[in-house]
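Observations on the three-dimensional arrangement
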There are 2 protein chains.
Amino acid sequence: MAAYLIRKLEHFAVLSDDDKRALQLAASYRIRHVAAREDVIREGDKPRHVNLMLEGYACRSKSLEDGRRQIVAFFIPGDICDACMFMLKQMDHSIGALSAVKLAEIPGEMFLDMARNSPVIAAALAWNALVEEAIAREWTLNVGQRSAYERMAHLLCEFFVRLQAVGLASGGGCELPMTQAELADALGLSTVHVNRTLQELRANHLITLRGKTLVIHDLPALQEAGLFSPTYLHLERGGHQSAVVV
Amino acid sequence: MAAYLIRKLEHFAVLSDDDKRALQLAASYRIRHVAAREDVIREGDKPRHVNLMLEGYACRSKSLEDGRRQIVAFFIPGDICDACMFMLKQMDHSIGALSAVKLAEIPGEMFLDMARNSPVIAAALAWNALVEEAIAREWTLNVGQRSAYERMAHLLCEFFVRLQAVGLASGGGCELPMTQAELADALGLSTVHVNRTLQELRANHLITLRGKTLVIHDLPALQEAGLFSPTYLHLERGGHQSAVVV
DNA sequence: CGCCATTTTGAGTAACTTCAAACTATGTGG
DNA sequence: CCACATAGTTTGAAGTTACTCAAAATGGCG
């Protein structure tokens, strides 16, 4: 149930069998299915529990009154969409399903108890939160400084590497569930320009993208094109393992 | 010593005298002064402790190999630059002083103990981290979707409101410590365009900016110009007060 | 007073947007 | 299983925002 989450956390921490059981239990307490294009939770809503991605793809987005929308994060299986956010009065963003999504709704107290009962889980969850913040910073850098071409290459690299980290990318390819319009919202570009940028990546023999299937022909070259370096994902172990969660 | 931090945390939590003493103690354990334009810590360094801003202004930034730089956050007195980051092997960004800065270096274990010993502090720190994440998301929205004019207006509103929250903005103005080049790096614009955008805001009688002094003549109008709504700063109490920190 | 950093101005340009339409998949009901 | 509707992708052409380069003006500071 929580296999992807466990796989991800193991990049940082050594989980005991008890830890894994606790995670499994939390991940199976309450399951929710959300159809593609439906919202998991909307800006303004009171967050009530922690949403853990079990299957499918989702995104976090913020909108301006006039409809302009920025996707600020993609969620893949194993991601925790809103750890600790149940502390807040209201959501400052929405979470929307990009494909059919299966998620675990973990009650806030259960989530906290899990961390309180195992220092290793607490540390792993804190690490997870730190990585998410690092990704958010990288996205700001992406949108603020990289050109359209670089931005797209970077996004594809990141998505691929993250899927790889939970075992969802086989060889040189992965599923790319979002439409070009959604890519545009994530990159701060127009759909038209996203389309042309993808064509450029194809013309340079870096990728193939047909339907929802992405094939990366030359990962090193794509990384270079996107000025991508995976260090900010902090996938290598080596840190201090102790933490507190509120 | 930790007056600004305490003032900020009190927006969310009701701190006991013991809580305040604990914060004061941590904030006075080790003090460091950093001159304007010097780095507090650099990308690639191993983070060793928690940096708490006591006085002055700083920023978090990320750079690309070719020198392009994105400022992803501004720090003002009371801000914690890198809570929990001591867990990571290396920094994925730099922290630089925008003005002369005085900060408290809090050892990781001391920081964790503070949270472990007081559930209220733990909750307040978690809330603080959530707000920082919300600000990071808003910045991505800013850079990705708003026009130069809107972006600048939004940045000025945010900076002013945050200073207000710790008592550093009197009436309709505040100090604006960064140069136009730094504003440009924060907004993903060129210096030239930042200059022209500021002139436009002045021409519309929204602000006066001379030297390092910003005066906001019409805050509601500036907010409207920047599509700014302070909800994402989560300054109003009303949440659940319990947390875990790794 | 003079130096260096910063701000300001001007002119030409590039990157990306907008609008509009055509084309291609994908899925639905008959 | 086909016909149709709809969502998504692709193309072309024109427009706009913001960038680059370069130089002049201003200001802070020793």
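Residues numbered from 1 in each chain as written. Chains lettered and ligands numbered in written order. Predicted model: local features only at pLDDT ≥ 70, side-chain atom pairs only at ≥ 80, totals over all residues. Heavy atoms only, no water.

Here the focus is the overall build of chain A. Each helix and strand in chain A was counted, giving 8 helices and 11 strands. A globule of 246 residues ought to have a C-alpha radius of gyration of about 18 Å, and chain A, at 18 Å, matches this closely. Taking all 246 residues of chain A together, 59% fall into the buried category. Intrachain contacts of chain A at a sequence separation of at least 6 include 72% that bridge at least 24 residues. Counting 26 positive and 29 negative side-chain charges, chain A places the averaged centre of each group 3 Å from the other. (Helix = DSSP H or I, 4+ residues; strand = E, 2+ residues; numbered from the N terminus. Rg over C-alpha atoms; globule rule 2.2 N^0.38 Å. Buried < 20%, exposed > 50% of the residue type's maximum accessible area, 1.4 Å probe, protein only. Contact = heavy atoms within 4.5 Å. Lys, Arg positive; Asp, Glu negative; His and termini not counted. Charge placed at Lys NZ, Arg CZ, Asp CG, Glu CD.)

Around DNA strand D, a shell composed of 15 residues is seen, among which Gln180, Asn195, Arg196 and Gln199 of chain A together with His193 of chain B lie nearest. Among the atoms of DNA strand D lying within 4 Å of the protein, the sugar-phosphate backbone contributes 63%. With respect to DNA strand D, the side chain of Gln180 of chain A contributes an N or O atom lying 2.7 Å from a phosphate oxygen. Between DNA strand D and Arg202 of chain A, the relevant distance is 3.4 Å, taken from a phosphate oxygen to a side-chain nitrogen or oxygen of the residue. Ranked by the residues each element gives to the surface near DNA strand D, the list is headed by helix H7 (residues 191-203) of chain A, at 5 residues. Taken together, the residues that form the surface near DNA strand D break down as 4 nonpolar, 8 polar and 3 charged. (Near = heavy atom within 4 Å. Polar contact = N/O pair within 3.5 Å; in protein donor to acceptor, adjacent residues only side chain to side chain. Nonpolar A, V, L, I, M, F, W, Y, C, P; charged D, E, K, R; others polar.)

A few words on the domain arrangement of chain A. All names here are of chain A. The domain architecture assigned to chain A consists of domain 1 (3-118) and domain 2 (132-233). Between the C-alpha centres of domain 1 and domain 2 the distance comes to 23 Å. Contact with domain 1, which involves 19 residues of that partner, is made by 20 residues of domain 2. Counting the surface domain 1 buries against domain 2, the share from its top three residues, Tyr57, Phe74 and Ile76, is 36%. Linking domain 1 with domain 2 are 4 salt bridges, by the criterion used here. (Domains from an automatic or database assignment. Buried area = accessible area lost by both parts, 1.4 Å probe. Salt bridge = Lys/Arg side-chain N within 4 Å of Asp/Glu carboxyl O.)

Our focus in this paragraph is the relation of the copies chain A and chain B. Expressed as a screw operation, the relation of chain A to chain B combines 0.0 Å of axial shift with a rotation of 180°, fitting to an RMSD of 0.0 Å. Given the turn and translation reported, the copies of this chain are related as if by a two-fold rotation axis. (Least-squares fit on C-alpha atoms with pLDDT ≥ 70 in both.)

With that settled, consider the protein's contact with DNA strand C. Among the 15 residues in the neighbourhood of DNA strand C, the closest are listed as Ser190 of chain A together with Gln180, Asn195, Arg196 and Gln199 of chain B. Within 4 Å of the protein, atoms of DNA strand C come from sugar and phosphate in 62% of cases. Between DNA strand C and Asn195 of chain B there is a distance of 2.5 Å, counted from a phosphate oxygen to a side-chain nitrogen or oxygen. Here a base nitrogen of DNA strand C sits 2.4 Å away from a polar atom, N or O, in the side chain of Arg196 of chain B. Listed by contribution, the elements that provide at least two residues to the surface near DNA strand C are H7 of chain A together with helix H7 (191-203) of chain B. Considering each element in turn, the surface near DNA strand C owes the most residues, 5 residues, to H7 of chain B. Each residue belonging to the surface near DNA strand C can be placed in one class, and the counts come to 4 nonpolar, 8 polar and 3 charged.

Residue and element names in this part refer to chain A. Here 3 strands make up an open sheet; going across it, the order is E1-E7-E3 and the pairing antiparallel. Edge strands, defined here as strands with exactly one partner in the open sheet, are strand E1 (31-34) and strand E3 (49-55). Between one strand axis and the next, the sheet turns through 35° on average, direction left out of account. Across 6 bridges, the pairing between E3 and strand E7 (residues 101-107) is antiparallel. Bridge pairing links Met53 to Leu103 in E7. In the packing of helix H2 (residues 17-28) onto the sheet, contacts are made with E1, E3 and E7, and the angle to E7 comes to roughly 110°. In this fold helix H3 (residues 108-117) packs onto E3 and E7, with an angle of close to 75° to the strand it touches most, E7. (Pairing = 2+ DSSP bridges. Axes fitted to C-alpha atoms, helices over the stretch in contact; angles between N-to-C directions.)

Take the pattern of salt bridges next. Tallied over the full model, the rule gives 41 salt bridges over all chains. Residues Glu138 of chain B and Lys62 of chain A are paired through a salt bridge, measuring 2.8 Å at the closest nitrogen-oxygen approach. Of this pair, Glu138 of chain B sits in helix H4 (residues 119-145) while Lys62 of chain A sits in strand E4 (residues 58-63), on two different chains. Exposure class is identical for Glu138 of chain B and Lys62 of chain A. Each is buried. For the salt bridge of Asp92 of chain B with Arg137 of chain A, the shortest nitrogen-to-oxygen distance reads 3.2 Å.

On to the interface of chain A and chain B. Between chain A and chain B, the residue contacts involve 57 residues of the former and 57 residues of the latter. Taken together, the two surfaces of chain A and chain B that pack against each other cover about 4900 Å², and 63% of this comes from carbon and sulfur. Between the two partners, chain A and chain B, sit 8 salt bridges. Taken together, chain A and chain B are joined by 19 residue pairs in polar contact (both at pLDDT 80 or more). Going through the elements one at a time, E4, strand E5 (69-75), H3, helix H4 (119-145) and strand E11 (244-245) of chain A are the ones with two or more residues in the side of chain A that touches chain B. With 15 residues, H4 of chain A is the single largest residue contributor to the side of chain A that touches chain B. By residue class, the composition of the side of chain A that touches chain B is 26 nonpolar, 14 polar and 17 charged.

This part takes up H3 of chain A. Restricting attention to buried positions, one finds in H3 of chain A the residues Gly108, Phe111, Leu112, Met114 and Ala115 of chain A. With its buried residues spanning 155° around the axis, H3 of chain A presents them on a single face. (Arc of directions from axis to C-beta.)

All names here are of chain B. Alternating positions in strand E6 (residues 94-97) separate into two faces, Ser94 and Gly96 on one and Ile95 and Ala97 on the other, with burial throughout. Bridge count between strand E2 (residues 39-41) and E6: 2 bridges; the pairing is antiparallel. The residue bridging Asp39 from the neighbouring strand is Gly96, located in E6. In terms of strand pairing, strand E4 (residues 58-63) meets E6 through 4 bridges, oriented antiparallel. Within E6, the residue paired with Ser61 across the bridge is Ser94.

Residue and element names in this part refer to chain A. In spatial order, the strands read E2-E6-E4-E5; together these 4 strands make up an open sheet with antiparallel pairing. Each end of this open sheet is capped by a strand with a single partner; those strands are strand E2 (39-41) and E5. With direction set aside, neighbouring strand axes in the sheet form an average angle of 35°.

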